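Each chain, letter by letter, is given below.
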Amino acid sequence: MQCFSGSMETRQLILTPEGAKEIEQQYRIVKRSVDARQRDLKVLLTVLVDAQGCMVPKDAPVPLYEAPVFQHVQDGGKGTVKIVGAGPAGLFAALTLLEHGYKPIIYERGKDVSSRKRDIALLNQNKGLNTESNYCFGEGGAGTFSDGKLFSRSKKRGNMQRVMELFHYFGADDNILYEAHAHIGSDKLSGIIRRMRECIVEHGGEVYFDTKWNIRNEDGKTPVILAIGHSAHDTYRELAAAGVQLEAKGCAMGVRVEHPQSLINRLMYHLKGKSDEQQRQLTALIGNAAYQLVTQVDGQGVYSFCMCPGGHIVPAGSDPDGCVVNGMSASHRNSPYANSGIVVELHPAGSALEALNYQEHLEHLAKAHGGTEAQAPAQRLKDFVEGKACKDLPSCSYLPGIVPSRLDEWLPREIGERLRQGFRDFDRKYPGFVTNDAVVVGVESRSSSPVRIVRNDAMQSVSHPWLYPCGEGAGYAGGITSSAMDGIRAANSICEAFQ
Ligand SMILES: Cc1cc2nc3c(=O)[nH]c(=O)nc-3n(C[C@H](O)[C@H](O)[C@H](O)COP(=O)(O)OP(=O)(O)OC[C@H]3O[C@@H](n4cnc5c(N)ncnc54)[C@H](O)[C@@H]3O)c2cc1C
């Protein structure tokens, strides 16, 4: 909840995009969403009103929320907690420990966010993958160079509003406190992450980069929050070898599809027959359109995942023998492309390590059908659905480059065939979605973890109670917000246990 002094209430307004913009510029907004279901598009605003029923001005001296208070733990505080991984789960766990007076020590295998940017630039220029510093590994984890979407389907996993407040406290824009589908953007995230680390260090926490943690070096006397994300296959294997209980879990894999953003705007905002200028005016008010699509094929879900309006497709693997793609966007979401993962729900039979092997197999297949270094295999969308080869490819945001490939032929049947049927269904709902102006790029294999590090209700590993697996890599969260919330819960759990 936002923290308002005095007897403040809220009022709901249903407005045109132009009307909403005016109100937003002047008054304190508590919630905002766009309803694009009808041709007559509406913006739903909830505004703050005072006791007289007047809307509260934007700059009124009303605190947005209670600021966090971090304790100084240079002397060791109430105790030390190790954290593996500086992604959202690890960082929010560290901040929570500081609020409770515990000293966090973070080990991160990747580099600090500025050095990481240089490795990512080289990767995008197709100059090689640094296996320890890339889109998955390094300060801020997988979320740093992302779209920074901040919503979670889960309402259960703790205090989502607190996550937004902390992001805001460290520099995110005001709108993340009220947007229904808030996002930060990769250009802003790196500064926010750096400020979080500076705060942790300033208060006596410790952060070690280029430091790969291994369970072999632990004696089990200090609690360890395991926030490793889902890309550290080597760490999973080390945990398995040490006897930590892991299991396979449901996950989703597929491809990334990219359309011209103008086409997605036309489909989602019902702009057929409207001029380019009318489209430009509308998107200036409410931003480029996003979509969320879902269907069932053979009883399994096929759905869009991590849609990035005005974004870029990026090389998001950490294995030099594999090819993995994902999506990101900057805060303005203003590239001419709209990309989204389109994935198929999978339920791997067998052990956790077999599930990892399946994921790697798919990534290696993609690499074998791609080009050099980080170039990715791609096919025009209509050709993919109709099972035809394509001679050339449309322009694409993926910087290392795409090469024509028969994804319709080499994707495993349980993925490829379901994707094709899923795309047909999406085209029935949004005629024009399946077009050869769009391209599918392979593979989107890391939308969720195929492995769970089994834990109990106190968030301890069931085999190693001093380990607190959390975040996406533990298999109990997915996405920035839910991983951050899970990190907060792990830290709270330790603080309760060690009071
Ligand atoms: C390109 C891209 C775009 C994305 N876009 C979004 C989005 O818009 N919205 C959203 O909600 N989610 C998005 N995601 C997913 C999101 O980033 C993850 O769900 C989230 O970061 C998971 O948080 P985490 O802290 O659990 O793990 P991670 O962020 O993966 O962090 C884990 C960290 O642990 C480190 N690590 C692993 N093993 C070790 C070890 N042995 N020793 C030391 N350190 C180790 C890694 O280097 C990494 O930095 C995106 C992901 C990618 C790759």
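As the structure is a computational prediction, the values presented were derived from the model and not from experiment.

## Details of the environment of Thr 10
Phase 1: Inspection of the secondary structure puts Thr 10 in strand 1 (residues 9-15).
Phase 2: It is 5.4 Å that separates the C-alpha atoms of Thr 10 and Val 49, two residues lying 39 residues apart in sequence.

## A few points about the nonpolar core
Side chains that are nonpolar tend, in soluble globular proteins, to be buried together.
Phase 1: Counting residues in hydrophobic clusters, the biggest one holds 73 residues, and the most contacted among them are Leu 381, Ile 402, Leu 411, Leu 419, Phe 423, Phe 433 and Val 441.
Phase 2: If near-sequence neighbours (up to four positions away) are discounted, Phe 423 is found in contact with Val 255, Val 257, Ile 342, Leu 381, Phe 384, Val 385, Phe 433, Val 434 and Val 440.
Phase 3: In terms of nonpolar packing, the next biggest core, distinct from the first, is built from 48 residues, Val 73, Val 81, Phe 92 and Ile 192 among them.

## Comments concerning the packing of aromatic side chains
Phase 1: One pass over the structure, following the stated rule, counts 11 aromatic pairs.
Phase 2: Taking the centre distance of 6.1 Å and the plane angle of 90° together, the rings of Phe 384 and Phe 423 count as edge-to-face. Here the residue Phe 384 occupies a position in helix 10 (residues 381-386), and Phe 423 occupies one in helix 12 (residues 413-429), the gap between them amounting to 39 residues.
Phase 3: You can call Phe 384 buried: its relative accessible area is 0%.
Phase 4: Residue classification places Phe 423 among the buried residues on the basis of a relative accessible area of 0%.
Phase 5: In this arrangement the basic side chain of Arg 109 is found over the ring face of Phe 137, its NZ or CZ atom lying 4.3 Å from the centre.
Phase 6: Lying across the ring of Tyr 476, Arg 455 places its NZ or CZ 3.9 Å from the centre.

## Remarks on the site of the ligand
Phase 1: Lining the immediate environment of the ligand, one finds 36 residues, of which Ala 89, Glu 108, Ala 142, Glu 472 and Ile 480 sit closest.
Phase 2: A distance of 3.2 Å separates an oxygen atom of the ligand from a polar atom in the backbone of Pro 88.
Phase 3: Among the elements of the structure, helix 2 (88-100), strand 13 (325-328) and helix 13 (480-497) are those that each provide at least two residues to the shell around the ligand.
Phase 4: Considered class by class, the residues forming the shell around the ligand number 15 nonpolar, 15 polar and 6 charged.

Conventions adopted
- Residues numbered from 1 in each chain as written.
- Predicted model: local features only at pLDDT ≥ 70, side-chain atom pairs only at ≥ 80, totals over all residues.
- Heavy atoms only, no water.
- Helix = DSSP H or I, 4+ residues; strand = E, 2+ residues; numbered from the N terminus.
- Core = buried A, V, L, I, M, F, W, Y, C linked by side-chain atoms within 4.5 Å.
- Buried < 20%, exposed > 50% of the residue type's maximum accessible area, 1.4 Å probe, protein only.
- Contact = heavy atoms within 4.5 Å.
- Phe/Tyr/Trp six-rings, centres within 6.5 Å; stacked < 30°, edge-to-face > 60°.
- Lys NZ or Arg CZ within 6 Å of the ring centre and 35° of its normal.
- Near = heavy atom within 4 Å.
- Polar contact = N/O pair within 3.5 Å; in protein donor to acceptor, adjacent residues only side chain to side chain.
- Nonpolar A, V, L, I, M, F, W, Y, C, P; charged D, E, K, R; others polar.

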